[in-house]
Amino acid sequence: MKKKLLSLGVFGLAAVGLVACSSDEKATSTVIPTKEAADPAELTEENVYFNEYGDFYSLYQTALAETTDLNKRYALMALAEAKLLETGSVLPTTTQGGNYAVTRVAPRTVNSTLWGNDEARLHSIVVATNPIKKTDRQAMIDNWNQHHTESTYDHVAFVKNYLTTNGYTIKTTYDAGYSSDPETYDVLATSMASDSEVLVNCYDGLLEYNENNIQVGKVAKELPTVSSDGTVYTFKLRQGLKWVKQDGTDSGYEVKADDFVAGFQHMLDVSGGLEYLVDGVVSGVTEYLAGDKDFSKVGVKAVDDYTLTYTLEGNVPYFQTMFAYSLFAPLQRNFYAAQGGKFGAQFDAEASDYNYGKTAANILYNGPFRLTATDTKNQIVFTKNTSYYDQSAINVEKVTWKYNDGQDTSKAYNDFKSGTVDSCGLTSYVLPNSKTDKFGSDTGTIYDTYSYVTDTNATTYINFFNVHRTIFDLNGLATSTKTDAQKKTGQVAALSQNFRLALQQSVDRVTSNAVSVGSELAALSLRNTYTPYNFVTMTAATTVQVNGTDKTFAAGTNYGEIVQAQIDADGYSIKAYDATKGSGDGYDGWYNPTAAKALMTIALEEINANLKELGLTEVSSNNKIVIEYPTQATSEIYMGKAQALKQSVESVIGDYVEIRIVELAQRADWLAVCYRYADGAHANFDINDLSGWGPDYGDPQTYLDTMLPYGNGYMLKAVGLW
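Not measured: the values here are computed from a predicted model.

Parameters at a glance
- Residues numbered from 1 in each chain as written.
- Predicted model: local features only at pLDDT ≥ 70, side-chain atom pairs only at ≥ 80, totals over all residues.
- Heavy atoms only, no water.
- Helix = DSSP H or I, 4+ residues; strand = E, 2+ residues; numbered from the N terminus.
- Rg over C-alpha atoms; globule rule 2.2 N^0.38 Å.
- Buried < 20%, exposed > 50% of the residue type's maximum accessible area, 1.4 Å probe, protein only.
- Areas by Shrake-Rupley, 256 points an atom, 1.4 Å probe, with all protein chains shown as cover.
- Axes fitted to C-alpha atoms, helices over the stretch in contact; angles between N-to-C directions.
- Parallel < 35°, antiparallel > 145°, perpendicular 65-115°, else oblique.
- Left-handed = near helix turned anticlockwise from the far one by under 90°.
- Contact = heavy atoms within 4.5 Å.
- Pairing = 2+ DSSP bridges.
- Phe/Tyr/Trp six-rings, centres within 6.5 Å; stacked < 30°, edge-to-face > 60°.
- Expected span 1.5 Å × (residues − 1).
- Arc of directions from axis to C-beta.

Visitor: Which residues make up the overall build of the chain, and what values do they have?
Guide: A tally of regular secondary structure across the chain gives 19 helices and 25 strands. Radius of gyration (C-alpha) of the chain: 25 Å, near the 27 Å computed for a compact globule of 722 residues. Its C-alpha atoms give the chain principal-axis dimensions of about 75 × 70 × 55 Å. Evaluated residue by residue, the chain yields a buried proportion of 62% over its 722 residues. For the chain, the accessible area works out to roughly 25300 Å², and carbon and sulfur atoms hold 46% of it.

As structure tokens, this is what we get:
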């Protein structure tokens, strides 16, 4: 469940953009009962979790227990999410997209399903030599919208014909920017998007969502057959598929069912964060992870060379959607052994002879591309795999990713104009130039002729509040400048729900987002829930209890509306879903200075009572709560966003709060502190907005599981736990 802890986006590389207006203020606020004074140093992670997240956990367990009525399950999950948002420890900020961009890439030629890794697969991409005009782009989208559900519709063929008919030339290369190198080439050992988004282009799994968002067979000849009780999935595999080496030569191995058995066991052994997704789902996994390393008891079997079965603990409605994610990737057993790999109790990633996945040469390839260059902070090159079974599915011979650390705010735009990269976002720093610059003999400007607003997706970025900070230096990085007294005061304040909500409702997200994308679209990519408001919708009238009272939600009610019903019932001034807008995105439903000030008044009473009992100086205008917020000092955009947050919060509750920006000189340092830290004990910050989450499969559980205790919820480390 660790898929997209961070969907890294350098502004200007990915699509970015946005408008400076805030939600209406409301004078109401909820007073959370004061907790009994306690020294934070004496509280265990378990104490903290159930004090702060107990209501969420209880409701969520009820939701998970509902496996027969999907509508009721989703409604209960929405109620649980409301309780999570009400903790004030997770403030949704933005999603991906919703910004101005320009591109040479034809629209809808890569998968756009909301979950999994398939959106990162590039083999079907169609790229023109010249930028695509916004009118032509829209015409291609309109055709896709009209026909993509038709089984015979070939959008790639339509796009190629449309482009050539309208004066474009199609090229066989694609060039893009990137901002973070992979740290492993073992796709089964990582939950980081910056790793998996590279590696999914190098292997084929059993199934894949195509450019029409239809799930089709890849290594599997077709979709699986499923037993009548929903617990056994059987796949029939294609014959003759090859594993090749990095240089493209034949490895001597055919892709067979055992590769998926070996891959699944290795995924469990390496415990890179993917294993939690199938714990309690595939039979025998829980026992295997608990120490019974007899893999014959796990429900993944090669019946013969070309028949594979997965046996589940029970009927899991979303199981087939999980094959869009990398945890089911294959692994060639003999090659793995030759790289020092072992299974079960003998697995040892630290062994001197263990080399699997350490470089691009230490893996095999059965996908459309091979990694032929991986130059750190320079470039990543994907080259067409000429042994791939379906050559017609590969529309580009070579893909080159070019490193951009974000320090030069104009680099992506200038690279796009010169043809060095094929897409870029029009950030606030280059948007004015795009309104005067022209391409070649064009009469219109780049902005007028080519810019479009990018689609938003299901990735949700979060401003996390660390409720259990225990570290104030991480290997010499982000060394705290707090005094010992300020550290203790911050730990006490972090346990105040009123304080966390006061801070989060002081953040003007529109103004912060405008720093990167400009004011014109600054609200468009804002998100107000963790799970997107429209991720699931009730297909029938559904009744659940909201605070002990039955409430019925009609068919067609979306997830966000139910989240809001619980928030309203609890009396919070958060607008996670706005019925007048019919949306949970595109506006700031959290920023509320009036409510924030009222909450801060209540928070001061409880914080100071606790400080007094602990013999510490009370919070006042002369003894403020110091909140440390790390960011990349060499990026104008990220520093600008940090300054905007600081100004916003301090203008509302600054009499008692100081936001102290911790400046990290290098992007790698920022990633180490705010993205690649190991666990909650290494969360060296008070607030952190670098990371986000994208769904692994088509159920809200893919989001909410990330906040489970005892090490089962990967995003929980961002709030200082496990």
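Visitor: Account for the packing of helix H12 (residues 484-494) against helix H16 (residues 593-613), with residues named and values stated.
Guide: The geometry of H12 relative to H16 is characterised by a closest axis approach of 9 Å and an angle of 130° between their N-to-C directions. Judged by the inter-axis angle, H12 sits oblique to H16. Seen from above, H12 lies across H16 with right-handed handedness. On H16, the residues that touch Thr489, Val492 and Ala493 of H12 are Ile607, Asn610 and Leu611.

Visitor: Which residues make up unusual backbone geometry, and what values go with them?
Guide: Backbone geometry places Arg108, a non-glycine residue, at a positive phi of 60°. The topology assignment puts Arg108 in the loop between strand S2 (100-103) and strand S3 (127-128). Using a relative accessible area of 16% as the deciding quantity, one classes Arg108 as buried. The backbone phi angle of Trp722 is positive, close to 55°, even though this residue is not glycine. Mapped onto the secondary structure, Trp722 falls in the segment after helix H19 (701-704).

Visitor: I'd love a proper account of the sheet that holds strand S16 (residues 398-403), names of residues and values included.
Guide: A sheet is described by the order of its strands in space; here 4 strands give the open sequence S5-S16-S15-S14, paired in mixed fashion. Both outer strands of the open sheet, strand S5 (173-178) and strand S14 (369-375), are each paired with one neighbouring strand and no more. Between one strand axis and the next, the sheet turns by 15° as a mean value, whatever way the strands run. Pairing of S14 with strand S15 (residues 379-384), which is carried by 6 bridges, proceeds in the antiparallel orientation. Bridge pairing in S15 links Phe369 to Lys384.

Visitor: Kindly report on the sheet that holds strand S9 (residues 232-236), identifying the contributing residues and their values.
Guide: The antiparallel open sheet is built from 4 strands, whose spatial order is S8-S9-S13-S12. Of all strands in the sheet, those bounded by a partner on one side alone are strand S8 (225-226) and strand S12 (300-304). Strands S12 and strand S13 (307-311) of the sheet are contacted by helix H6 (residues 257-270), whose axis makes an angle of about 165° with S12.

Visitor: Residues and numbers for the packing of aromatic side chains, please.
Guide: For the structure shown, the criterion picks out 43 aromatic pairs. On the basis of an interplanar angle of 10° and a centroid distance of 4.3 Å, the ring pair of Tyr318 and Tyr697 is categorised as stacked. Of this pair, Tyr318 sits in the loop between S13 and helix H8 (333-338) while Tyr697 sits in the loop between strand S25 (692-693) and H19, placing them 379 residues apart in sequence. For the pair Tyr318 and Tyr697, a shared accessibility class is recorded, and that class is buried. Between Tyr336 and Phe343, the aromatic rings sit 5.0 Å apart at their centres with planes inclined by 55°, giving tilted as the arrangement. In this structure Phe343 comes out as buried when scored by relative accessible area, which is 16%.

Visitor: Outline helix H3 (residues 134-147), supporting the account with residue identities and numerical values.
Guide: Here H3 is 14 residues long and its end C-alpha atoms lie 20 Å apart, about the 20 Å a rise of 1.5 Å per residue gives. Along H3, the positions that sit buried rather than exposed are Asp136, Arg137, Met140, Ile141, Asn143, Trp144 and His147. With its buried residues spanning 160° around the axis, H3 presents them on a single face. In H3, the exposed positions that point more than 90 degrees away from the buried face belong to Thr135 and Gln146. In this structure, the buried residues of H3 make contact with S2, helix H4 (155-165) and strand S18 (452-453).

Visitor: Requested: an account of the pairing of strand S20 (residues 542-546), with residues and values cited.
Guide: Only one face of S20 is covered, namely the face carrying Thr542, Val544 and Val546; the face carrying Thr543 and Gln545 is uncovered. In the sheet, S20 pairs with strand S21 (residues 549-553) via 5 bridges, with the strands oriented antiparallel. Bridging across to S21, Val544 finds its partner in Lys551. Counted along the chain from S20 to the antiparallel partner S21, the turn is 2 residues long, and its residue Asn547 has a positive phi close to 55°.

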